[in-house]
Amino acid sequence: MCRTCPLLHRTDICGVVQRLPRRVSVPQAQVRFLPPLPMKFTAMKILTLIIKQKWFDAILSGEKTVETREVRPTNTKYISYRDNNTGKVYKKDSDVPESAWDSEKGVDTVINHYDAIQFWVGYEKNRPGALVEVKGVELVDVCDEETKEPIVYEHNGNEYTMTEIDYHLGKVIEKMNC
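Residues numbered from 1 in each chain as written. Predicted model: local features only at pLDDT ≥ 70, side-chain atom pairs only at ≥ 80, totals over all residues. Heavy atoms only, no water.

## A few points about the nonpolar core
Grouped together as the largest cluster of nonpolar side chains are 23 residues, with contacts concentrated most on Leu47, Tyr78, Ile117, Phe119, Tyr167 and Leu169. When neighbours within four sequence positions are excluded, Ile117 is seen to be in contact with Ile46, Leu47, Leu49, Ala130, Leu131, Val132, Val134, Tyr167 and Leu169. (Core = buried A, V, L, I, M, F, W, Y, C linked by side-chain atoms within 4.5 Å. Buried < 20%, exposed > 50% of the residue type's maximum accessible area, 1.4 Å probe, protein only. Contact = heavy atoms within 4.5 Å.)

## Overview of the packing of aromatic side chains
Each aromatic ring pair is described using two quantities: the centre-to-centre distance and the angle formed by the ring planes. The tally for this structure, following the rule as stated, stands at three aromatic pairs. In this structure, Lys45 packs its charged tip against the face of Tyr114, placed 5.2 Å from the ring centre. Sitting above the plane of the Trp55 ring, Lys64 keeps its charged end 5.2 Å from the centroid. (Phe/Tyr/Trp six-rings, centres within 6.5 Å; stacked < 30°, edge-to-face > 60°. Lys NZ or Arg CZ within 6 Å of the ring centre and 35° of its normal.)

## A short note on the pattern of salt bridges
When the charged atoms of two side chains lie near each other, side chains of opposite charge can form a pair. Tallied over the full model, the rule gives four salt bridges. One salt bridge connects Lys64 with Glu67, and the closest N-O pair in it is separated by 3.4 Å. Residue Lys64 shares its accessibility class with Glu67, and that shared class is buried. Taken together, the salt bridges that share partners define one network made up of Lys64, Glu67 and Arg69. (Salt bridge = Lys/Arg side-chain N within 4 Å of Asp/Glu carboxyl O.)

## Topic: a negative patch on the surface
On the surface, Asp144, Glu145, Glu146 and Glu149 cluster together into a negatively charged patch. Along the chain, the position of Asp144 falls in the loop between strand E9 (129–141) and strand E10 (152–155). (Patch = residues over 30% accessible without salt bridge, like charges linked within 9 Å, V, L, I, M, F, W, Y side chains within 5 Å. Areas by Shrake-Rupley, 256 points an atom, 1.4 Å probe, with all protein chains shown as cover. Lys, Arg positive; Asp, Glu negative; His and termini not counted. Charge placed at Lys NZ, Arg CZ, Asp CG, Glu CD. Helix = DSSP H or I, 4+ residues; strand = E, 2+ residues; numbered from the N terminus.)

## Describing the sheet that holds strand E7 (residues 107–111)
Within a sheet, adjacent strands bond to each other through the backbone by hydrogen bonds, running parallel or antiparallel. Judged by pairing direction, the sheet is antiparallel, and its three strands sit side by side in the order E6-E5-E7 without closing on themselves. Here the strands that pair on one side only, and so sit at the sheet edges, are strand E6 (89–90) and E7. Pairing analysis gives two bridges linking strand E5 (residues 79–83) to E6, with the strands arranged antiparallel. Across the sheet, Tyr81 pairs through a bridge with Tyr90, a residue of E6. (Pairing = 2+ DSSP bridges.)

## Section: the sheet that holds strand E4 (residues 66–71)
Strand order in the open sheet formed by five strands is E3-E8-E9-E12-E4, and the pairing between neighbours is mixed. One side of each edge strand has no neighbouring strand; the edge strands of this open sheet are strand E3 (46–51) and E4. Strand-to-strand twist of the sheet, defined as the mean angle between neighbouring strand axes without regard to direction, takes the value 40°. In terms of strand pairing, E4 meets strand E12 (residues 163–176) through six bridges, oriented antiparallel. Considered in E12, the bridge of Glu67 is made with Tyr167. (Axes fitted to C-alpha atoms, helices over the stretch in contact; angles between N-to-C directions.)

## Description of the environment of Lys45
For Lys45, the location among the structural elements is in the loop between strand E2 (17–20) and E3. With relative accessibility at 43%, the residue Lys45 sits in the partly exposed group. Sequence spacing of Lys45 and Asn112 is 67 residues, and the spatial spacing of their C-alpha atoms is 9.7 Å. If we ignore the near neighbours within four places in the chain, the residues touching Lys45 are His113, Tyr114, Asp115 and Ala116.

In structure tokens form, the structure reads like this:
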């Protein structure tokens, strides 16, 4: 039952509150069960990121249209790894079998898909935030300014190319505490 009135409510997939009739006890012989209504509902995949106030303001004003993050082997939010021999996708590079890395087909880096990014300013309780649409995403190798060669580094005995991921931002879907 609703806290503010004596009616029962439910929220449909669009967030619209619908009033339901009060529950009454009905003899078992009169109860009819109807099949559930087919509802198409796909949840948005949302990436949550913490940013500084100046970048948050630039995103809301439309001045900043790309959010760039460094991709590291230890961060599984942005990428996954696909074994091209089996097609299986792994969250961590350490989960990929050694034989896949050494095989002819190898392993590909796969960008994790997100529909939107939830930006929060800092870590305060009532911090400003905004949900922003992701229009596109791009994986970019970081290159040395002089040689123009990709920068390679070592982590846990494996070599990695330094990579950044660029999220191309669309419209602001929702603002919180602004």
